[in-house]
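Residues per chain are reported as follows:
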Amino acid sequence: MSCFIVPMVQAVATSIYRRHNAKSIADPASGALRRNIPALEKMLWGGTVMLIVDHILSGELTWNFPFLTALGLEGGREIVLREMLTVGVPMSVVLTAVWIVYALLKERALKRATI
């Protein structure tokens, strides 16, 4: 019910990084990972939006305070933190690993196309 918070925080941090380093990211001499930051940003925001919609549809996220239904339960904070650590963090790690593989394969394909 709160697993989307971790990728959302990572998406915000990635967006801030991209905006503050736009010139160096666009530089063709920058590394493969740096050039593909926009792809990571899109992957993170897309996943976050999908998870939020899923949580709204399943009733785990509401429009009324405290927004996360688990926070209305006794011991809800522990439930939320446990889900963030056991589901949110692994999701973000796997997504970042997939992005790294994507960026490196894309770089390899670009090098082969120029040869």
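Further remarks concern a nonpolar patch on the surface. Where nonpolar side chains cluster on the molecular surface, the patch consists of Val-12, Ile-16 and Trp-45 and spans about 240 Å² of accessible area. Mapped onto the elements of the fold, Ile-16 is located in helix α1 (residues 5-20). Classification of Ile-16 as partly exposed rests on a relative accessible area of 45%.

The next point concerns the side chain of His-55. Relative to the helices and strands, His-55 is located in helix α4 (residues 37-57). The class for His-55 is buried, based on a relative accessible area of 3%. Once you skip the residues sitting within four places of it in the chain, His-55 turns out to touch Met-1, Ser-2, Cys-3, Phe-4, Glu-60, Leu-61 and Glu-83.

With that out of the way, let us pick up the packing of α1 against α4. With their axes 9 Å apart at the nearest point, α1 and α4 run at an angle of 150° to one another. As the angle between them shows, α1 and α4 are arranged roughly antiparallel. Considering only the axes of α1 and α4, their crossing is left-handed. For the pair formed by α1 and α4, the contact residues are Pro-7, Met-8, Gln-10, Ala-11, Val-12, Thr-14, Ser-15, Tyr-17 and Arg-18 on the first element and Ile-37, Pro-38, Leu-40, Glu-41, Leu-44, Trp-45, Thr-48 and Leu-51 on the second. Per-class residue counts for the contact of α1 with α4 are eleven nonpolar, four polar and two charged.

When the terminal C-alpha atoms of helix α5 (residues 76-114) are compared, their 55 Å separation across 39 residues agrees well with the 57 Å that a helix rising 1.5 Å per residue should span. Residues Gly-76, Val-80, Glu-83, Met-84, Gly-88, Ser-92, Trp-99, Ala-103 and Glu-107 constitute the buried set of α5.

For the bond from Phe-65 to Pro-66, the omega torsion is 15°, close enough to zero to count as cis. Along the chain, Pro-66 turns up in the loop between α4 and α5. A positive phi angle, near 70°, is found at Phe-67, a position not held by glycine. Here Phe-67 is to be found in the loop between α4 and α5. Of the residues examined, Phe-67 reaches a relative accessible area of 41% and is grouped as partly exposed.

So, on to the environment of Arg-18. By the element assignment, Arg-18 lies in helix α1. Separated by 19 residues in the primary sequence, Arg-18 and Ile-37 place their C-alpha atoms 6.8 Å from one another. Here Arg-18 is in contact with Ile-25, Ile-37, Pro-38 and Glu-41, once residues within four sequence places are set aside. For Arg-18, the side chain forms a polar contact with the side chain of Glu-41, separated by 2.3 Å.

Here is what the cut-offs are and how they apply
- Residues numbered from 1 in each chain as written.
- Predicted model: local features only at pLDDT ≥ 70, side-chain atom pairs only at ≥ 80, totals over all residues.
- Heavy atoms only, no water.
- Patch = residues over 30% accessible without salt bridge, like charges linked within 9 Å, V, L, I, M, F, W, Y side chains within 5 Å.
- Areas by Shrake-Rupley, 256 points an atom, 1.4 Å probe, with all protein chains shown as cover.
- Salt bridge = Lys/Arg side-chain N within 4 Å of Asp/Glu carboxyl O.
- Helix = DSSP H or I, 4+ residues; strand = E, 2+ residues; numbered from the N terminus.
- Buried < 20%, exposed > 50% of the residue type's maximum accessible area, 1.4 Å probe, protein only.
- Contact = heavy atoms within 4.5 Å.
- Axes fitted to C-alpha atoms, helices over the stretch in contact; angles between N-to-C directions.
- Parallel < 35°, antiparallel > 145°, perpendicular 65-115°, else oblique.
- Left-handed = near helix turned anticlockwise from the far one by under 90°.
- Nonpolar A, V, L, I, M, F, W, Y, C, P; charged D, E, K, R; others polar.
- Expected span 1.5 Å × (residues − 1).
- Polar contact = N/O pair within 3.5 Å; in protein donor to acceptor, adjacent residues only side chain to side chain.

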